[in-house]
Amino acid sequence: MTSETEAKPDSRLKVKIGTVELENPTILASGVLGVAAGGLISASNFGAGAVVTKTVGWKPRSGHPGPRVVGLHGDSMMNAMGIPNPGIRDYIPEIKAVVKQEIPVIGSALGTSPKEFARVATHLAKAGVSAVELNISCPHVGSLYLLGMDPDAVAEVVSEVVEQTEKQVPIWVKLPGSTDYPRLIQVAKAAQTAGAAALVALNTLPALAIDVDARRPLLGAGIGGLSGPAIKPIALRAVWELHNAGMNIPIIGVGGILTGQDAIEYLLAGATAVEIGTGVLTRGRAIFSKVCNEIGVYLTEYNIKHVSELTGQMAKFEVNS
Amino acid sequence: MTSETEAKPDSRLKVKIGTVELENPTILASGVLGVAAGGLISASNFGAGAVVTKTVGWKPRSGHPGPRVVGLHGDSMMNAMGIPNPGIRDYIPEIKAVVKQEIPVIGSALGTSPKEFARVATHLAKAGVSAVELNISCPHVGSLYLLGMDPDAVAEVVSEVVEQTEKQVPIWVKLPGSTDYPRLIQVAKAAQTAGAAALVALNTLPALAIDVDARRPLLGAGIGGLSGPAIKPIALRAVWELHNAGMNIPIIGVGGILTGQDAIEYLLAGATAVEIGTGVLTRGRAIFSKVCNEIGVYLTEYNIKHVSELTGQMAKFEVNS
Amino acid sequence: MTPNKTVKKNPAKLAHGLRPFVKPIQQIRQVTPRTKAFTLKATNIARTAVPGQFVMVWIPGFDEIPMSISAVQNSLGIVEFAAAKVGEATAALHRMKEGDLIGLRGPLGQGFKFPRSIDKGPLLCVAGGCGSPPIAFATEWAVRKGHEVHVALGATTRSDLLFQERFEEQAQKVIIATDDGSDGIQGTSVNAAAFHLDIDPRYSACLACGPEGMLTSLAELLSNYPIPLQVSLERYMKCGIGLCGHCIIDNHGTRVCLEGPVFDAKILRQTDFGQWKRDSTGKRLPIDASDESCEG
Amino acid sequence: MTPNKTVKKNPAKLAHGLRPFVKPIQQIRQVTPRTKAFTLKATNIARTAVPGQFVMVWIPGFDEIPMSISAVQNSLGIVEFAAAKVGEATAALHRMKEGDLIGLRGPLGQGFKFPRSIDKGPLLCVAGGCGSPPIAFATEWAVRKGHEVHVALGATTRSDLLFQERFEEQAQKVIIATDDGSDGIQGTSVNAAAFHLDIDPRYSACLACGPEGMLTSLAELLSNYPIPLQVSLERYMKCGIGLCGHCIIDNHGTRVCLEGPVFDAKILRQTDFGQWKRDSTGKRLPIDASDESCEG
Ligand SMILES: Cc1cc2nc3c(=O)[nH]c(=O)nc-3n(C[C@H](O)[C@H](O)[C@H](O)COP(=O)(O)OP(=O)(O)OC[C@H]3O[C@@H](n4cnc5c(N)ncnc54)[C@H](O)[C@@H]3O)c2cc1C
Ligand SMILES: Cc1cc2nc3c(=O)[nH]c(=O)nc-3n(C[C@H](O)[C@H](O)[C@H](O)COP(=O)(O)OP(=O)(O)OC[C@H]3O[C@@H](n4cnc5c(N)ncnc54)[C@H](O)[C@@H]3O)c2cc1C
Ligand SMILES: Cc1cc2nc3c(=O)[nH]c(=O)nc-3n(C[C@H](O)[C@H](O)[C@H](O)COP(=O)(O)O)c2cc1C
Ligand SMILES: Cc1cc2nc3c(=O)[nH]c(=O)nc-3n(C[C@H](O)[C@H](O)[C@H](O)COP(=O)(O)O)c2cc1C
Ligand code: FES
Ligand code: FES
C-alpha cells in the first residue's frame, strides 16, 4: 500500500540483548503504531529488528482527552495519550497476530500495583512476547512517573514481575525521562538487583506547551511527554551515565533518533540497541530500514565487522568540576 | 556597526521584578555576550530590558577546553564553556562601564563556598548591579549542579549572601535544569525562605552529544548544557510548577525563547520576565526588540493594557494520573 | 558522516498537521436539527485542503475530534465543517458562540482523487446521514473543475438531510432518499444511487461517505458495475498524523488518518472495513449498522 | 499568533559554523621550522570560504582553536590552514600524522573585501610573522580575479618567512623584510610596505595580517595615504559564532569572530585595537609588541 523502502538484511547488524536476538538494533518504541497488530507488523516490514507493543494494563483505559499530540520546534513533539489500551485480555489477539509472523515482540506493561504489573506481564509472556518492558515512567500518568523515580518501589515491581513470570521471559525496565542521575542510577541498580535483564533509557520528559491564543496547555491533559530530537542529548547523557556506572546490563537507547548517526551515538555511549518513536513521523515508517542502511554505510566506511563493536566505544573522559 | 533593528519603547511592557524595574521583560541571559561590557551594552541597545553578566567567581577561571559550543538539531545547542571569568576584581570595570550607561545589570555570581558566593555578591553590589543572580546550577561544572539540587546547601548559600550583602541588593537564584519537580520546588522554597527575591528557571540541562567519526563527545568537557528550543517545554513546565506551588515570589523564565510567542508562553505559565540566551544566535542580537515588538502586537490584538496582566493567566488544569 | 545527514521530510508530515491554529469561530449555522456548520478563518488550511481531507478540531477544555472539511472559500481563507451533536465534545461545540476560540489542525489525510478528464462520464456522489460534509465539498470542487455531478443523498428523515440545498444548487441531478419516506424515495442513499445507475450507469467514478453499513452495501451494489468507488472512512482517531496506530484497519498497518480517510474500495477488501471499529481504548467492536451515530 | 512565527535565520548563523566536520588530515607539510600546513577535504568549507575567514580546528582530546584558512582548492573540496607551534593545542596538532582525524567548523567570520574594479590600482598585501596564511589566500584570490598584487612579507629571520614561494609565484612584486636582515631588507613587513609605497603609492587597497603591534604601525604609516586598510585581527575565541562575547573589542559589542576578524582599520579607532587583548579567563591584558607569538 505504500512506496516506502523495504529492509535489506545485513548480518553485521544482528544484536543480542541478553538472550533476545534481533536482526538489527532498531526497535519500534512503545506507543507508536502499536495499538493494532498491523502497526507492529508494518514497522517490522519496514525494517525494525523488534517491536514494542503499546503499553497495556490490566483494565481498559480510554486515555486523556485531546489534543493528545502537538508538534514543536525542530521535529520534536509532545504527547499526552494517557496510555489508552483495551486491557491485556482484549489486547492479546493483537500480540498473537504479530508473534505468529515470527516478529520479535516486546510487550510493554503497566500496572497500578506490583501484583497488577505481574499479572499483565504473565499474560504477555503467555502470548509469546520475547521480552516484557515495564513502563514505570510515563510522565503524563503522574503516578507512573513518581513510581519510576523511587528505587524501592521499582525494585518491588521488578521482583514481583520476575517472580510471577518465573523467568520465562526477560524483563526490561524503561526508565523515566529525568536528568537526576544519582537517582536514575539508583533506580537502574535497584531494577538490576531485582532481576531486570535490560534497561531502556529514556521515556519522554515531563513538559508543557501553551497555546497563547487559547491561553491553555496545548495538550488535553495539560502536562505531556517531550520526545524527538529535543531529548536526544539528554537521553544520550543518561545512557552514558548508566553505562559508566559499571553495571553489567544491556542498555537500549531511546530518544530523538532520526538517522543512523543518531543511533551510532547511542551505541558509542553504551547502548546495545535503540528504540525509535517520533522518528516515524519525521522520516516515515521506513526510518527503520533507513537507519539500518546508514549504520551499514558507517560500518563499511570504518571497516567495522559488527555493530556490537561500537557499544560503549566512545573515548573515556572525566566529568569536570 | 550593524544593521539590526533598534528598540522602540512601549510603556505597556514595563515590568517590576520585586523592586527591580525594567523597560521590558526581556533580559539577556548569563554567559551570552557578557564577557565584555560592550556585549552587555549592545544587548541593551538592541532592546533588552536588563542584562545578566557572565557568571563571575572569586578567582579567575580559564574554563573548559574546546570545543565549547556545538549546534544541534532544530536551533538548539550545547555549551561547556566552563564559566571562564577573570575573577570578580578584574571583572568590576566591565560592570561599571555598563552601569554607567544606566542599564540595569544583574550580576551573576559563582562561589566554591557560601562565603565565596557572598564575597563575590558583595563586590557585585558595590559595583552597582540591580540584582545578583546566584548561579548554583551550571551543569558542566559538576559541583555547582549538585549544589543546586540540594535544598539545604542552597539555603546555606542564599542566607550567607543575603546576610553579607545586607539587603542592599535583591538576590535571585538560578535553578538547575532538572525535571525533578518535587526537588526543584524544595530547592526553590529553601531559597525563598533564605531570602531570595526571585527565581530564575532554568539553567541549561545536563546533556551529551557525540561525534561518531571522532568517537568522542563533541564538547571538550565531555558533558555540556543543553539550551535553545529543545529545553523550552521543560523549562516552561518548571516555571508552571513553581508558579503553581503557591510561593509568592517572582519567576523569571529562561530556555529556548526565540519569539514573542515563546515569551508569552512563559508569562502565561507564571513568569514576570524572561531571559534569552541561545536566541541571540538564531535571530541575532535584535531578538530583544523583535520579541518586544511581537509581545506588543499580541497585547494590541487582545486589547491587553499591560504585559503584567499575562503572568500566570493560563487556564487552570489538574495533573492526571 | 558529519554534519548530521539532512532528513528528507516525510510528505505525510503536513506543515500544519502538527499544531492547531486557534481562531475565533466566524459563523455558526444550524443546518439540521442535530448539526451545526462552523466557519473559521484559517488561510493555510483553506489554501491547501482538498475534498475528503479532515481537520482535528480542538474544543478547549474538552477534546480534539476529527471533522471532515465541508467547504472552503479559498479567496477568503475560510474553512467550514459541520458537526452533529453526538457526545460530550460535540455538545460543547454546539454550545459555543461566534467569536469563541477553537483550534484547527490540518488539513489531514488523503482526499478524493478526481478523474483526470471530465469526458469519461459524470461523477456519482453518495452521501448518507452525517456523510454529507466531505461529499458536499467534493461536489462543489468537481463542478468547479467542469465535471457533471449526480448526487444520491440519504437520511433517516427529511429534516436530517444535510446540505440538501447545496447539493441541489451545485449538482446536475440529485436523488433524495429518506428511511421514512418523508422526502424523495423511501430507502437509503444506496437506493438513491441504484436509481441513478438504473437511469444511466456510465459514471466515471463514485465518491461516497456515510455510515459504514451503507458504504458496504454501496460497494456491493457497485461490484456489478465497472465504476471505481472511493469511500471516506471514520475510525477513532487519537493523533491524526499516523503516529499512534489507533486507526489502523489491516495487518499492513494502513492508517485511516494518514493513508485515508478516503480509500479506493478495492483496497478495503482485506481490511476491517464493514467489520470492526476501535473504541477509545483501542478495543475492537463489531460494526453494527444500527449503532451508527448518523443513519442514512 | 499560531502557529509559531517563522524565525528568519540570522545570516550570521552560517550553516557549518555550528558543528565540526571531522575528517582525516590529507597532507601535512612543514612550511617553516615552527609552522606546518595541513590540508583536509571539507567540500562545504572549500566551496564557500573567502580569504580572511577562519575555521575552528578541533584537535580531539586537546582543544578547539581558531585558524585562518590559508588556501582552498575549490574543485577538489580541499581546505588548508597553517599552524605555528606555540602551545599545547598547536603542539598536539604538530604531533598528528596524515590520516589522523581533526574537526573543522566554519568558514567563520567576515573576510577581506576586494575592490570591485581591478583598474583602480594594484593591491598591497602585508603579512607579518604568522600573518601569512590569510594573506596568501587573499593574494591568490585577488590574482585569480585579475588584480595586480604587491606583497610585503616580514619575519624575524629568513627561515620563518611563511609562504614566501607562494607569494613569489603569485604576486607581481614581493618585498621581503627580516628583523635580522637574513633575507630582503632589514626590518619588518611595515618597512617593506613603506618601500612599496615609496616606489608608487597608487594602491586601491591594503590588506594586512600580523602581530597587532605591526598592524598599528601599518595603520599609522597608511594614515599618510588615501589607501583603505583592512586588517585581520586575532583575539581569544571561545565560541567563534558571536555568542559568548569573549572576543568583543569595543563598547558597541563588536565581535572579532562574527563582525571580523577582518575590519576596516577606520572602524578600529574606537576599539581595543593595539591596546588590549583578553586571555582565556576574559581578563584584559595590554598588547605588548614583544610578547607576540610570531614576530614580523
Ligand atoms: C475522518 C473523520 C471525519 C469526520 N467527519 C465528521 C463530520 O464532518 N461531521 C461530524 O459530525 N462528525 C464527523 N466525524 C465524527 C466525529 O469525529 C465524532 O462524531 C466526534 O468525535 C464525537 O465526539 P463526542 O465527544 O461528541 O462524542 P463521544 O461521546 O466521545 O463519542 C461518540 C462517538 O463518536 C465517535 N468519536 C468520538 N471521539 C472520536 C475520535 N477522536 N475520532 C473518531 N471518532 C470519535 C465514536 O464513534 C464514539 O462512539 C468524523 C470522524 C472521522 C474519523
Ligand atoms: C581569527 C584567528 C586566526 C588565526 N589564524 C592562525 C593561523 O592561521 N595560524 C596560526 O598559527 N595561528 C593562528 N591563530 C592563532 C592560534 O589560534 C593560536 O596560536 C592557538 O590557539 C594557540 O593554541 P595553543 O593551545 O597551542 O596555545 P596556548 O598555549 O593555549 O596559547 C598560546 C597563545 O595562543 C593564543 N590562543 C590560545 N587559544 C586561543 C584561542 N582559542 N583563540 C585565540 N587565540 C588563542 C593566546 O594568545 C595564547 O596566549 C589565529 C587566531 C585567530 C583568533
Ligand atoms: C505518541 C506517543 C505515544 C507513546 N506512548 C508510550 C507508551 O504507551 N509507553 C511507553 O513506554 N512509551 C510511550 N511513548 C514514549 C516512546 O516510547 C519513547 O520512549 C519516546 O517517545 C522517546 O523516543 P522518540 O524520541 O524516538 O520518540 C510514546 C511516545 C509517543 C510519541
Ligand atoms: C554559551 C552559553 C554560556 C552560558 N553561560 C552561562 C553562565 O555563565 N552562567 C549561567 O548562569 N548560565 C549560563 N548559560 C545558560 C543561559 O544563561 C541560559 O540559562 C540557558 O542557555 C537557557 O536559555 P536559552 O535557551 O535562551 O539559551 C550559558 C548559555 C550559553 C548558551
Ligand atoms: S489516529 Fe493515530 S495513527 Fe491514525
Ligand atoms: S568568540 Fe564567542 S563571541 Fe567571539
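Residues numbered from 1 in each chain as written. Chains lettered and ligands numbered in written order. Predicted model: local features only at pLDDT ≥ 70, side-chain atom pairs only at ≥ 80, totals over all residues. Heavy atoms only, no water.

### Topic: the overall build of chain A
Reasoning step 1: Scanning chain A for helices and strands turns up 10 helices and 16 strands.
Reasoning step 2: Relative to the compact-globule value of 20 Å for 321 residues, chain A shows a C-alpha radius of gyration of 18 Å, a close match.
Reasoning step 3: When its C-alpha atoms are laid out on the principal axes, chain A stretches across 55 × 55 × 50 Å.
Reasoning step 4: Burial analysis of chain A (321 residues in total) assigns 71% to the buried set.
Reasoning step 5: The long-range fraction of contacts in chain A, counting pairs at least 24 apart against all pairs at least 6 apart in sequence, stands at 73%.
Reasoning step 6: Split by element, the accessible area of chain A, about 9,600 Å² in all, is 48% carbon and sulfur. (Helix = DSSP H or I, 4+ residues; strand = E, 2+ residues; numbered from the N terminus. Rg over C-alpha atoms; globule rule 2.2 N^0.38 Å. Buried < 20%, exposed > 50% of the residue type's maximum accessible area, 1.4 Å probe, protein only. Contact = heavy atoms within 4.5 Å. Areas by Shrake-Rupley, 256 points an atom, 1.4 Å probe, with all protein chains shown as cover.)

### Regarding the overall build of chain C
Reasoning step 1: If you tally the helices and strands in chain C, you get 6 helices and 16 strands.
Reasoning step 2: Against the 2.2 N^0.38 benchmark of 19 Å for 296 residues, chain C shows a C-alpha radius of gyration of 19 Å, consistent with a compact globule.
Reasoning step 3: Each of the three principal axes of chain C carries a C-alpha extent, and together these read 65 × 45 × 40 Å.
Reasoning step 4: Here chain C holds 296 residues, and the buried ones make up 60% of them.
Reasoning step 5: Across chain C, every contact between residues at least 6 apart in sequence was considered, and the portion connecting residues at least 24 apart equals 65%.
Reasoning step 6: For chain C, the exposed area adds up to about 11,800 Å²; of that, 50% sits on carbon and sulfur atoms.
Reasoning step 7: In chain C, 33 positive and 30 negative side-chain charges are present, and the distance between their average locations comes to 11 Å. (Lys, Arg positive; Asp, Glu negative; His and termini not counted. Charge placed at Lys NZ, Arg CZ, Asp CG, Glu CD.)

### Quick notes on the interface of chain A and chain B
Reasoning step 1: At the junction of the two partners, chain A supplies 60 residues and chain B supplies 60 residues.
Reasoning step 2: Between the two partners, chain A and chain B, sit 2 salt bridges.
Reasoning step 3: For the side of chain A that touches chain B, the elements supplying multiple residues, two or more each, are α4 (142–148), α6 (181–193), β11 (205–207), β13 (216–217), α7 (232–244), α8 (260–269) and α10 (287–301) of chain A.
Reasoning step 4: Its residues assigned to classes, the side of chain A that touches chain B comprises 35 nonpolar, 14 polar and 11 charged. (Salt bridge = Lys/Arg side-chain N within 4 Å of Asp/Glu carboxyl O. Nonpolar A, V, L, I, M, F, W, Y, C, P; charged D, E, K, R; others polar.)

### So, the nonpolar core
Reasoning step 1: Ranked by internal contacts, the top residues of the largest apolar core, which has 340 residues, are L134 of chain A, L134 of chain B, L218 of chain C together with L218 of chain D.
Reasoning step 2: Apart from the residues lying within four places of it in its own chain, the contact partners of L218 of chain C are V126, V190, A193, C206, A208 and L229 of chain C.
Reasoning step 3: In terms of nonpolar packing, the next biggest core, distinct from the first, is built from 52 residues, F21, V151, L162 and A171 of chain C among them. (Core = buried A, V, L, I, M, F, W, Y, C linked by side-chain atoms within 4.5 Å.)

### Comments concerning the site of ligand 2
Residue and element names in this part refer to chain D.
Reasoning step 1: Around ligand 2 lies a shell of 18 residues, among which P66, A82, A84, T90 and M237 are the nearest.
Reasoning step 2: Within the contact set of ligand 2, a nitrogen atom lies 2.8 Å away from a backbone nitrogen or oxygen of A82.
Reasoning step 3: Here a nitrogen atom of ligand 2 and a side-chain polar atom of Y236 are 3.5 Å apart.
Reasoning step 4: Taking 860 Å² as the accessible area of ligand 2 by itself, protein coverage stands at 79%.
Reasoning step 5: Counting residues per element, the shell around ligand 2 draws most heavily on strand β4 (residues 63–68), at 4 residues. (Near = heavy atom within 4 Å. Polar contact = N/O pair within 3.5 Å; in protein donor to acceptor, adjacent residues only side chain to side chain.)

### A few points about the interface of chain D and chain B
Reasoning step 1: Taken residue by residue, the interface counts 47 residues in chain D and 53 residues in chain B.
Reasoning step 2: Applying the counting criterion to the chain D and chain B interface returns 4 salt bridges.
Reasoning step 3: As a salt-bridge pair, E259 of chain D and R285 of chain B come within 3.4 Å of each other at their nearest N and O atoms.
Reasoning step 4: The tally of links from chain D across to chain B stands at 13 residue pairs in polar contact (both at pLDDT 80 or more).

### Looking at the environment of R61 of chain B
All names here are of chain B.
Reasoning step 1: Tracing the backbone shows R61 in the loop between β4 (50–52) and β5 (69–71).
Reasoning step 2: With 26 residues separating them in the primary sequence, R61 and G87 have C-alpha atoms 7.1 Å apart.
Reasoning step 3: A polar atom in the side chain of R61 sits 3.0 Å from the backbone oxygen of G82.

### Notes on the sheet that holds strand β8 (residues 131–135) of chain A
Residue and element names in this part refer to chain A.
Reasoning step 1: Within the closed barrel, the 8 strands sit side by side as β3-β4-β7-β8-β9-β10-β15-β16. Their pairing is parallel. Going across the sheet, the axis of each strand differs from the next one's by a mean of 25°, ignoring polarity.
Reasoning step 2: When strand β7 (residues 105–109) meets β8, the two strands line up parallel, connected through 4 bridges. From the neighbouring strand, A109 faces β8, where its bridge partner is L134. (Pairing = 2+ DSSP bridges. Axes fitted to C-alpha atoms, helices over the stretch in contact; angles between N-to-C directions.)

### Digging into the pairing of strand β4 (residues 63–68) of chain C
Residues and elements named next belong to chain C.
Reasoning step 1: Examined bridge by bridge, strand β3 (residues 54–59) and β4 share 6 bridges and lie antiparallel to one another. Within β4, the residue paired with W58 across the bridge is E64.
Reasoning step 2: The loop that links β3 with its antiparallel partner β4 comprises 3 residues; one of these, G61, has a positive phi angle of about 90°.

### A word on the site of ligand 4
Reasoning step 1: In the vicinity of ligand 4, 23 residues are found, and the nearest of them are S30, T55, K174, G256 and T278 of chain B.
Reasoning step 2: Surrounding ligand 4 are residues belonging to chains B and D, so the site spans chains.
Reasoning step 3: K54 of chain B is positioned such that a nitrogen or oxygen atom in its side chain is 3.0 Å from an oxygen atom of ligand 4.
Reasoning step 4: When isolated, ligand 4 has an accessible area of 600 Å², and the protein chains bury 98% of it.
Reasoning step 5: Along the lines of polarity and charge, the residues of the shell around ligand 4 split into 8 nonpolar, 13 polar and 2 charged.

### Some thoughts on the domain arrangement of chain C
All names here are of chain C.
Reasoning step 1: We note that the domain assignment places domain 1 (11–108) and domain 2 (123–286) within chain C.
Reasoning step 2: Between the C-alpha centres of domain 1 and domain 2 the distance comes to 20 Å.
Reasoning step 3: Contacts between domain 1 and domain 2 engage 25 residues on the former and 22 residues on the latter.
Reasoning step 4: Interface of domain 1 and domain 2: buried area, both sides summed, is about 1,900 Å²; carbon and sulfur atoms make up 71% of it.
Reasoning step 5: Remark: the boundary between domain 1 and domain 2 carries 1 salt bridge.
Reasoning step 6: E80 is paired through a salt bridge with R166; the nearest N and O atoms lie 2.8 Å apart.
Reasoning step 7: Seen at the junction of domain 1 and domain 2, the total is 3 residue pairs in polar contact (both at pLDDT 80 or more). (Domains from an automatic or database assignment. Buried area = accessible area lost by both parts, 1.4 Å probe.)

### Looking at the sheet that holds strand β11 (residues 185–186) of chain C
Strand pairing within a sheet occurs via backbone hydrogen bonds; the two strands may be parallel or antiparallel.
All names here are of chain C.
Reasoning step 1: In spatial order, the strands read β11-β10-β9-β8-β12-β13-β14; together these 7 strands make up an open sheet with mixed pairing. Both edges of this open sheet fall to β11 and β14 (262–264), since each of them pairs with a single strand only.
Reasoning step 2: Set on the sheet, helix α3 (residues 132–144) makes contact with β8 (123–128), β9 (149–155) and β12 (205–209); between it and β8 the angle comes to about 160°.
Reasoning step 3: Relative to the sheet, helix α6 (residues 212–222) contacts β8, β12 and β13 (229–232), its axis offset from that of β12 by approximately 165°.

### Looking at the relation of the copies chain A and chain B
Reasoning step 1: For the pair chain A and chain B, the superposition axis carries a translation of 0.0 Å, the fit reaches an RMSD of 0.0 Å, and the rotation angle comes to 180°. Both chain copies can therefore be described as sitting about a two-fold axis.
Reasoning step 2: Of all interface residues in chain A, 100% are interface residues in chain B too; the two copies therefore contact each other through one and the same surface. (Least-squares fit on C-alpha atoms with pLDDT ≥ 70 in both.)

### Some words on the state of the cysteines
Residue and element names in this part refer to chain D.
Reasoning step 1: Counted under the stated rule, the structure contains 0 disulfides over all chains.
Reasoning step 2: For C209, which is in no disulfide, the shortest distance to another cysteine sulfur is to C130 and amounts to 9.1 Å.
Reasoning step 3: C209 gets classed as buried once you look at its relative accessible area, which sits at 3%. (Disulfide = S-S within 2.5 Å.)

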